[in-house]
Amino acid sequence: MNKIESFVYGHLKNNPLLKNYIRNIYQSVFDIFPRKKDFLPDNLIIKPNSFFGFHDQSPFSNDNKFILSNYLRMPLRMPTDKDFLEVGFYSGDRFENWNFLGTTYAWNYHKGSRLQWIANNRVIYNDWEKDHYVSKICTTDGGTAETLEYPIDSVASNGELASSFCYNRLELMMPGYGYVHREKESDIESKCPESTGIYLISLKKNTRKIICSLKLLNDYLHLDSMNGAFHFVTHSSFSMDNRFLAFLHRWYNGMQRNTRLIVIDLLSNELYVSPTDGMVSHYAWNNKGQIIAFCSINGIYSHVLFEDPYLKNYRRVAYPMLNSDGHQHFLNNDLFVTDTYPNRMRQAKLFLVDTQNQETTLLASVNSPKKYQSPSENKHWCCDLHPRASKDGSYISFDSVHTGCRSQCIFKI
């Protein structure tokens with residue numbers, strides 16, 4: 001972002017309706033200029049009508065032979081309760097073979113169905129059955145799926161635990177990030193109930209327990225902006241050693257919206273809160289227990305590396321070169337990839353970032369056609385790049401619409 005864009009963003013960050021309205025007008029002014037050409041990696045593999053979704057999980061199997069994907073069979077519009085998504089994986093030397101695993105009625109454009117690996121031949125994804133959300137576990141050889149009674153968000157690396165929260169509550173406050181079906185919940189209108197919050201699911205026992213309620217979050221290091229606000233949680237992720245669980249705690253009061261990053265120690269149940277001032281958007285763990293997050297600290301928006309799960313010691317990374325929001329994924333303990341939202345010329349960029357020497361390398365720059373600009377908060381169908389790396393850091397996958405349709409893109413780095 002340039003200085004003017006950064007100034008406007010800083011003043012409108014807590015009012016997304018007005019922010020998006022001004023952004024759309026601003027970008028429309030530049031529609032009169034010719035589009036820049038896409039800058040793409042060599043030997044880019046493109047899978048049309050496919051996408052993976054969020055940046056917090058790797059779609060690649062441990063041996064890089066398979067890549068998970070969601071396959072679309074509907075035109076560009078918001079999904080209804082009748083619209084399904086195919087889930088499966090690509091295989092082959094250039095991932096040319098589509099392997100169908102199942103269909104799901106619990107999905108959205110941003111996070112898909114939360115399709116992810118449990119082990120090298122087992123995957124899990126969310127679905128809807130009768131009157132409630134479930135998750136299904138299946139194997140890559142197409143065996144019969146096992147059904148768990150709860151939807152998941154993220155799976156721990158040991159394949160034993162998963163995190164979860166209320167998807168109805170998320171959809172109510174962030175349309176397009178939850179799911180369209182409605183479960184019967186007596187607390188859905190409550191602002192900070194004890195009955196819901198962040199959950200832990202045992203994948204082996206098919207059980208769920210709440211580990212941090214919304215009331216507890218409201219009471220813990222309470223801020224005046226929380227008074228009368230509607231609370232929810234989202235974007236949860238386990239540390240690589242499975243000891244810590246991070247998530248975003250959000251509270252909305254009319255047009256004013258605030259977020260903080262929280263980490264819970266699953267051994268001691270202690271909570272650690274980011275020293276941010278109302279804004280945290282996206283984050284990722286590395287193997288050292290460090291977290292990279294895009295957030296605001298002391299009024300400065302930047303990618304911040306928290307040196308440990310306790311969120312006390314931190315340093316800014318690649319600032320001011322990277323001063324706009326992005327979705328991060330680590331390749332190793334020092335390197336991560338991140339994207340940017342489409343700029344005034346509707347180009348989204350993909351960067352490789354070195355946290356040690358602060359260097360950034362442009363990996364891709366792609367056009368985002370205007371039809372993929374979400375027209376309103378209730379029609380949130382834009383396509384973020386959401387870069388993800390393979391476990392060994394040799395492959396990158398991202399979603400893009402530069403081809404004219406939502407596509408999963410893959411390249412070797």
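Not measured: the values here are computed from a predicted model. (Residues numbered from 1 in each chain as written. Predicted model: local features only at pLDDT ≥ 70, side-chain atom pairs only at ≥ 80, totals over all residues. Heavy atoms only, no water.)

**Brief notes about the overall build of the chain**
Consideration 1: In terms of helices and strands, the chain carries four helices and 27 strands.
Consideration 2: A globule of 413 residues ought to have a C-alpha radius of gyration of about 22 Å, and the chain, at 20 Å, matches this closely.
Consideration 3: Seen through its principal axes, the chain has C-alpha atoms that stretch 55 × 55 × 40 Å.
Consideration 4: Per-residue burial over the chain gives 59% buried out of 413 residues. (Helix = DSSP H or I, 4+ residues; strand = E, 2+ residues; numbered from the N terminus. Rg over C-alpha atoms; globule rule 2.2 N^0.38 Å. Buried < 20%, exposed > 50% of the residue type's maximum accessible area, 1.4 Å probe, protein only.)

**Quick word on the sheet that holds strand β2 (residues 50-51)**
Consideration 1: Judged by pairing direction, the sheet is antiparallel, and its four strands sit side by side in the order β2-β3-β4-β5 without closing on themselves. Looking along the sheet, the strands with just one partner apiece sit at the ends: β2 and β5 (97-104).
Consideration 2: Here β2 runs beside strand β3 (residues 67-71); their pairing, made up of two bridges, is antiparallel. Bridging across to β3, F51 finds its partner in N70. (Pairing = 2+ DSSP bridges.)

**Side note on the environment of F232**
Consideration 1: Here F232 shows up in strand β13 (residues 230-238).
Consideration 2: According to the relative accessible area criterion, F232 is buried, its value standing at 1%.
Consideration 3: Between the alpha carbons of F232 and N64 there is a distance of 36 Å; along the sequence they are 168 residues apart.
Consideration 4: The residues contacting F232, other than those within four sequence positions of it, are R169, L170, M173, M174, L214, L248, H249, R250 and Y252. (Contact = heavy atoms within 4.5 Å.)

**Overview of the environment of Q347**
Consideration 1: With respect to the helices and strands, the residue Q347 is situated in strand β23 (residues 347-354).
Consideration 2: Along the sequence, Q347 and K37 sit 310 residues apart, while their C-alpha atoms lie 9.4 Å from each other.
Consideration 3: A polar contact is formed between the side chain of Q347 and the side chain of S365, at a distance of 3.4 Å. (Polar contact = N/O pair within 3.5 Å; in protein donor to acceptor, adjacent residues only side chain to side chain.)

**Side note on the sheet that holds strand β10 (residues 161-164)**
Picture the strands of a sheet paired through backbone hydrogen bonds; they go either parallel or antiparallel.
Consideration 1: The strand order across the open sheet built from three strands is β10-β11-β12, with neighbouring strands paired in antiparallel fashion. Looking along the sheet, the strands with just one partner apiece sit at the ends: β10 and β12 (207-213). Neighbour-to-neighbour, the strand axes of the sheet open up by a mean angle of 25°, direction not taken into account.
Consideration 2: Direction of pairing for strand β11 (residues 197-202) relative to β12: antiparallel, over a ladder of six bridges. Following the sheet pairing, I198 is matched in β12 by C212. (Axes fitted to C-alpha atoms, helices over the stretch in contact; angles between N-to-C directions.)

**A look at the packing of aromatic side chains**
In this description, an aromatic ring pair is defined by two values, namely the gap between the centres and the angle between the planes.
Consideration 1: Evaluated as defined, the whole model comprises 18 aromatic pairs.
Consideration 2: A ring pair is formed by F95 and Y395, whose centres lie 6.1 Å apart and whose planes are at 80°; its orientation type is edge-to-face. With F95 in the loop between β4 (85-91) and β5 and Y395 in strand β26 (residues 395-400), this pair connects stretches of sequence that are 300 residues apart.
Consideration 3: Aromatic pair W107 and Y109: ring centres 5.4 Å apart, planes at 85°, arrangement edge-to-face.
Consideration 4: By the ring-pair criterion, three or more aromatic residues cluster together here, those being W128, Y133, F165, Y167 and Y179.
Consideration 5: Directly above the ring of F54 sits K111, whose terminal nitrogen or CZ lies 4.7 Å from the centroid.
Consideration 6: Across from the ring centre of F51, 5.9 Å away, lies the NZ or CZ of R406, which sits over that ring. (Phe/Tyr/Trp six-rings, centres within 6.5 Å; stacked < 30°, edge-to-face > 60°. Lys NZ or Arg CZ within 6 Å of the ring centre and 35° of its normal.)

**Observations regarding unusual backbone geometry**
Consideration 1: The step from Y319 to P320 runs through a cis peptide bond, and the omega angle for that step is 10°.
Consideration 2: Along the chain, the position of P320 falls in the loop between β20 (314-317) and β21 (328-330).
Consideration 3: Even without being a glycine, H235 presents a positive backbone phi close to 50°.
Consideration 4: Its place among the elements puts H235 in strand β13.
Consideration 5: For H235, a relative accessible area of 5% puts it in the buried group.
Consideration 6: A positive phi is found at N269, a non-glycine position, where the angle reads about 65°.
Consideration 7: For N269, the location among the structural elements is in the loop between β15 (256-265) and β16 (271-273).

**Section: the side chain of S302**
Consideration 1: Considering the arrangement of structural elements, one finds S302 in strand β19 (residues 300-306).
Consideration 2: Setting aside residues up to four positions removed in sequence, S302 forms contacts with A293, F294, C295, R316, Y319 and L322.

**Side note on the pattern of salt bridges**
Consideration 1: Scanning the model with the defined rule gives 14 salt bridges in all.
Consideration 2: For R114, the salt bridge is made with D56, and the minimal N-O distance between the two is 2.7 Å. With R114 in the loop between β5 and β6 (116-119) and D56 in the loop between β2 and β3, the pair connects residues that are 58 residues apart, well separated along the chain.
Consideration 3: A salt bridge links R114 to D153; its shortest N-O distance comes to 3.0 Å. Taken together, the residues R114 in the loop between β5 and β6 and D153 in the loop between β9 (146-148) and β10 connect sequence positions 39 residues apart.
Consideration 4: With relative accessibility at 4%, the residue R114 sits in the buried group.
Consideration 5: Via salt bridges that share partners, D56, K111, R114 and D153 belong to a single interconnected network. (Salt bridge = Lys/Arg side-chain N within 4 Å of Asp/Glu carboxyl O.)

**Considering the pairing of β23**
Consideration 1: The element β23 is extensively covered by neighbouring structure, given that seven of its eight residues are classed as buried.
Consideration 2: Relative to β23, strand β22 (residues 335-339) is paired through five bridges, and the arrangement is antiparallel. When the bridges of β23 are listed, V337 appears paired with L352.
Consideration 3: Where β23 meets strand β24 (residues 360-367), seven bridges bridge the pair, whose relative direction is antiparallel. Residue pairing in the sheet places V353 in a bridge with T360 of β24.
Consideration 4: Linking two consecutive strands that pair antiparallel, namely β23 and β24, is a turn of five residues; a positive phi of about 65° is found at Q358 within it.

None of the figures reported here should be taken as evidence of function without further support.
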